[in-house]
Amino acid sequence: MSARVAGLATLTIDQIRTGLRARQFSAVEVAQSALEFAQAENPKTNAYLHFSPERALAAAERADRKVAAGEDPGTLAGVPVAVKDVIVTRGLRTTCGSRLLERYIPPYDATAVVRLEQAGAMIIGKANCDEFAMGSSTENSAFGPVKNPVALDRVPGGSSGGSAAAVAQGTAVVALGSDTGGSIRQPASFCGVVGVTPTYGRVSRYGLVAFASSLDHIGPFSRTVRDSALVLHSIAGRDECDSTSAFAPVPDYLAELDGRVAGLKIGVPREYFEGLTSESGDLIHKGIDVLKKLGCQVRDISLPATKYAVACYYIIATAEASSNLARYDGVRYTTRAASDTLSDMYRSTRGEGFGAECKRRIMLGTYVLSHGYYDAYYLKAQRVRALIAQDFKNAFAEVDAIVAPVSPFPAFKLGEKLDDPLEMYLSDIYTITGDLAGIPCMSVPCGKTAAGLPVGMQILTRHFDETGMFRLADAFEKAGGFTG
Ligand code: GLN
């Protein structure tokens, strides 16, 4: 590591900007240090699937030229970023953690990636993940599991486990992940970093390989709330290439990190505390005490449809996944398995290419959409989804934010839940509701268990109120001192 770029593992976006301006180091030096460090650390965690030195160095040189010319190099200039490998990058392999896309080189960049680079960011590599973002432990990657940098015998959470691990390990300052049912917040909680799922439509999904289109979100990971706010500000906003991206103006999140949280009404949903391990529960209660000390008014609320969330999610998500994954047929994108007939070619390409979890989801999804079952399952699940969204709407008539656990338990051991998909699905019991309702939600570190395992606290706010969410999380982080 370059001697001039000390403390890369703990640098923040602001510190990089200050360092560049003061000529303490150049963006090229940061890129080189980050790549060197990430490559040296990767054998421990398998957080990255591949690195992109040329691309990172090209971005670094652009930033350095601007600094030398006295121009503004951009908010994210010189910032090393890891991008989950379900987000496409032009000319840079994008595998979705799947054998099927092992050699897929996308011809275009996702909008979030374009915007990151426009803001000066340096993409140093693609982060490992569960195959097609299906999973809660990153053990479903065709390229081997990711290990949690905090405890190497444990999972980092999933499906964006590589992105969370990279930020926790300090090999990237920030990372992009995707969240369909909890895949940003749950790994953030397990690895002790900040993870943000913005409002549905806040960030363009163009170039995010689709899992369940009505639930998919792109969002940031970082070590501080402020850094996530900076990244979200750079990537958010309407995009012509995604008709579901929102026209809502993107506020200056940073200007709102003013600590003014006294008097805020916070709802604590009682349904989210059933089935929680006592250690995780205690930490969340301590976190809530911190909010009280900051002057928030905490009250008990009820979100009664929560009990249907897991069932509802696994019907809607698998239905959409079965349709989205139909495109991997051996004709487009993928490696083609040798066969004599067309149907054999489909069968063997998909049979050899998809891992067990994807096949399980395709079968479940095809079943719930099939003639005769559609009304009983899919249509019903859509109605339940409306009830879950209505619960939040009712709650937000009375409170400004909701605070809850992220996951019923901290990071579990590698292999511990692999043989029991239902048990694995319960990892997301507290996160899938936010995705089903499409509201902004995030995980912010809330201390560690006696064994040193991080626990995240979840904050949820009204549609498009990322501002309120960041303000509360930032005040909490500063008061609790739980990061770092
Ligand atoms: N763990 C959930 C699932 O397996 C969520 C995945 C995600 O958010 N991408 O579907």
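In this numbering scheme, every chain counts its residues from 1 along its sequence in written order. Confidence filtering applies because this is a predicted model: local features only for residues at pLDDT of at least 70, side-chain atom pairs given and counted only at 80 or more, and all residues used for totals across whole chains, interfaces and linings. Only hydrogens and water are set aside when side-chain values are computed; all heavy atoms of the structure are taken into account.

### Examining the overall build of the chain
Turning to step 1, where the next piece is worked out: Going along the chain from the N terminus, every DSSP run of H or I of four or more residues is numbered as a helix, and every run of E of two or more is numbered as a strand. Along the backbone of the chain there are 15 helices and 11 strands.
Turning to step 2, where the next piece is worked out: For a compact globule of 484 residues, the expected C-alpha radius of gyration is about 23 Å, and the chain comes in at 21 Å, within 12% of that figure.
Turning to step 3, where the next piece is worked out: Taking the principal axes of the C-alpha coordinates as reference, the chain spans close to 65 × 60 × 45 Å.
Turning to step 4, where the next piece is worked out: The buried share of the chain, taken over its 484 residues, is 61%.
Turning to step 5, where the next piece is worked out: Contacts were defined at the residue level, with two residues in contact if any of their heavy atoms lie within 4.5 Å. Nonlocal contacts in the chain, meaning residues at least 24 apart in sequence, comprise 75% of its contacts between residues at least 6 apart.
Turning to step 6, where the next piece is worked out: For every accessible area listed, the method is Shrake-Rupley and the probe measures 1.4 Å; residues are considered covered only by the protein chains on display. Carbon and sulfur atoms form 53% of the exposed surface of the chain, whose accessible area is close to 17800 Å². Our radius of gyration looks at C-alpha atoms and nothing else; its globule reference is 2.2 Å times the residue count to the power 0.38. Each residue's exposure class comes from its accessible area (1.4 Å probe, protein chains only) as a fraction of the maximum for that residue type: buried when under 20%, exposed when over 50%, partly exposed otherwise.

### Considering the packing of aromatic side chains
Turning to step 1, where the next piece is worked out: A pair of aromatic rings is counted whenever rings of Phe, Tyr or Trp (Trp by its six-membered ring) have centres within 6.5 Å, and the orientation is called stacked for planes under 30 degrees apart, edge-to-face for over 60 and tilted otherwise. The final tally for this structure, using the stated rule, is 18 aromatic pairs.
Turning to step 2, where the next piece is worked out: Pairing Tyr313 with Tyr314 gives two aromatic rings, centres 4.7 Å apart and planes at 85°, and the pair type is edge-to-face.
Turning to step 3, where the next piece is worked out: A relative accessible area of 4% places Tyr313 in the buried class.
Turning to step 4, where the next piece is worked out: Members of the aromatic cluster, joined through ring pairs, are Tyr104, Phe132, Tyr328, Tyr333 and Phe354.
Turning to step 5, where the next piece is worked out: Taking NZ or CZ as reference, Lys417 lies 4.3 Å from the ring centre of Phe409, over its face.
Turning to step 6, where the next piece is worked out: Directly above the aromatic system of Phe412 lies the positively charged group of Lys417, at a separation of 5.1 Å from the ring centroid. The criterion for a charge sitting over a ring is simple: Lys NZ or Arg CZ within 6 Å of the ring centre, and within 35 degrees of the ring normal.

### A few points about the sheet that holds strand β1 (residues 48-51)
Turning to step 1, where the next piece is worked out: Strands were regarded as paired on the criterion that DSSP finds at least two bridges between them. Pairing is mixed across the open sheet formed by 11 strands, whose spatial order is β1-β3-β2-β4-β6-β5-β10-β11-β9-β7-β8. In the strand order of this sheet, the two ends are held by β1 and β8 (297-301), each with one partner. Shown here is a sheet whose adjacent strand axes are inclined to one another by a mean of 30°, direction ignored.
Turning to step 2, where the next piece is worked out: Across two bridges, the pairing between strand β5 (residues 194-197) and strand β6 (residues 217-222) is antiparallel. Across the sheet, the residue bridging to Val194 is Ser222, located in β6.
Turning to step 3, where the next piece is worked out: Think of each axis as a best-fit line through the C-alpha atoms, taken over the contacting stretch in the case of a helix, with angles from 0 to 180 degrees between the N-to-C directions. Across the sheet, helix α3 (residues 53-68) touches β1 and β3 (122-127), and the angle it forms with β3 is around 155°.

### Notes on the pattern of salt bridges
Turning to step 1, where the next piece is worked out: Salt bridges are identified by distance alone: a Lys or Arg side-chain nitrogen within 4 Å of an Asp or Glu carboxyl oxygen. Per the counting criterion, the structure on display carries 24 salt bridges.
Turning to step 2, where the next piece is worked out: Salt-bridge contacts for Asp435 lead to Arg185; the nearest nitrogen and oxygen are separated by 2.6 Å. Highlighted residues: Asp435 in helix α14 (residues 432-437) and Arg185 in helix α6 (residues 185-191), separated in sequence by 250 residues.
Turning to step 3, where the next piece is worked out: A residue is classified by how much of its surface remains accessible, and Asp435, at 1% relative accessible area, is buried.
Turning to step 4, where the next piece is worked out: The exposure class assigned to Arg185 is buried, which follows from its relative accessible area of 0%.

### Quick look at the nonpolar core
Turning to step 1, where the next piece is worked out: The set of buried Ala, Val, Leu, Ile, Met, Phe, Trp, Tyr and Cys residues whose side-chain atoms join them within 4.5 Å is what this entry labels a nonpolar core. Phe132, Phe392 and Phe470 are the most contacted members of the largest nonpolar core, which has 143 residues in total.
Turning to step 2, where the next piece is worked out: Examining the composition of this core, we find that 10 residues originate from one element, helix α9 (residues 309-324), more than from any other.
Turning to step 3, where the next piece is worked out: Contact partners of Phe470, with chain neighbours within four places excluded, come to Val196, Val225, Ser228, Ala229, Leu232, Tyr253, Leu257 and Met442.
Turning to step 4, where the next piece is worked out: Judged by nonpolar contacts, the second largest core, of six residues, contains Val155, Phe190, Phe409 and Met424.

### Structural notes on a nonpolar patch on the surface
Turning to step 1, where the next piece is worked out: A cluster of nonpolar residues, Val331, Leu342 and Tyr346, forms a patch on the protein surface that exposes about 270 Å² of accessible area.
Turning to step 2, where the next piece is worked out: Along the chain, the position of Val331 falls in the loop between α9 and α10 (342-353).
Turning to step 3, where the next piece is worked out: Classification of Val331 by relative accessible area gives partly exposed; the value is 45%. Put simply, a patch holds well-exposed residues, over 30% relative accessible area, that have no salt bridge, with like charges counted together within 9 Å and Val, Leu, Ile, Met, Phe, Trp or Tyr side chains within 5 Å.

### What about helix α7 (residues 225-235)?
Turning to step 1, where the next piece is worked out: Here α7 lies mainly inside the structure; nine of its 11 residues are buried.
Turning to step 2, where the next piece is worked out: Within the sequence span of α7, burial applies to Val225, Asp227, Ser228, Ala229, Leu230, Val231, Leu232, Ser234 and Ile235.
Turning to step 3, where the next piece is worked out: At the exit of α7 stands Gly237, carrying a positive phi of roughly 115°.

### As for the site of the ligand
Turning to step 1, where the next piece is worked out: Throughout, the term near means that a residue has one or more heavy atoms lying within 4 Å of the molecule or strand in question. The environment of the ligand is made up of 15 residues, and the closest members are Gly181, Ser183, Tyr313, Arg361 and Asp428.
Turning to step 2, where the next piece is worked out: A distance of 3.4 Å separates a nitrogen atom of the ligand from a polar atom in the side chain of Ser159.
Turning to step 3, where the next piece is worked out: Nitrogen and oxygen atoms within 3.5 Å of one another constitute a polar contact, given that in protein one can donate a hydrogen and the other can accept it, and given that sequence-neighbouring residues count only through two side-chain atoms. Take Arg361: an N or O atom from its side chain is 2.7 Å from an oxygen atom of the ligand.
Turning to step 4, where the next piece is worked out: In the complex, 100% of the free accessible area of the ligand, which totals 290 Å², lies under the protein chains.

### As for helix α4 (residues 111-118)
Turning to step 1, where the next piece is worked out: Of all eight residues in α4, six are buried; the element is thus mostly enclosed.
Turning to step 2, where the next piece is worked out: Residues of α4 that are buried include every one of Thr111, Ala112, Val113, Arg115, Leu116 and Glu117, and no others.
Turning to step 3, where the next piece is worked out: Where α4 is buried, its residues contact α3, β2 (80-84), β3, β4 (174-179), β6 and α7.
Turning to step 4, where the next piece is worked out: Two residues or fewer after α4 comes Gly120, characterised by a positive phi angle close to 105°.

### Quick word on the environment of Pro408
Turning to step 1, where the next piece is worked out: Relative to the helices and strands, Pro408 is located in the loop between β9 (401-405) and α13 (421-425).
Turning to step 2, where the next piece is worked out: Take Pro408: its relative accessible area is 4%, and that puts it in the buried class.
Turning to step 3, where the next piece is worked out: With 65 residues separating them along the chain, Pro408 and Ser343 place their C-alpha atoms 44 Å apart.
Turning to step 4, where the next piece is worked out: Apart from the residues within four sequence positions on either side, Pro408 is in contact with Gly275, Leu276, Thr277, Ser280, Leu426, Ser427, Ile429 and Tyr430.

### As for the packing of helix α2 (residues 27-45) against α3
Turning to step 1, where the next piece is worked out: For the pair α2 and α3, interaxial distance at closest approach is 7 Å and the crossing angle is 160°. Relative to α3, α2 is oriented roughly antiparallel. Once α2 is placed against α3, the crossing between them reads as right-handed. Contact residues: α2 offers Ala27, Val28, Ala31, Gln32 and Leu35, while α3 offers Pro53, Ala56, Leu57, Ala60, Glu61, Ala63 and Asp64.
Turning to step 2, where the next piece is worked out: When its residues are assigned to classes, the contact of α2 with α3 shows nine nonpolar, one polar and two charged. Here the word oblique covers every angle except those under 35 degrees (roughly parallel), over 145 (roughly antiparallel) and from 65 to 115 (roughly perpendicular). Two helices that cross are described as forming a left-handed crossing if the nearer one is turned anticlockwise from the farther one by less than a right angle, and a right-handed crossing if clockwise. Three classes are used: nonpolar for Ala, Val, Leu, Ile, Met, Phe, Trp, Tyr, Cys and Pro, charged for Asp, Glu, Lys and Arg, and polar for all others, with Gly counted as polar.

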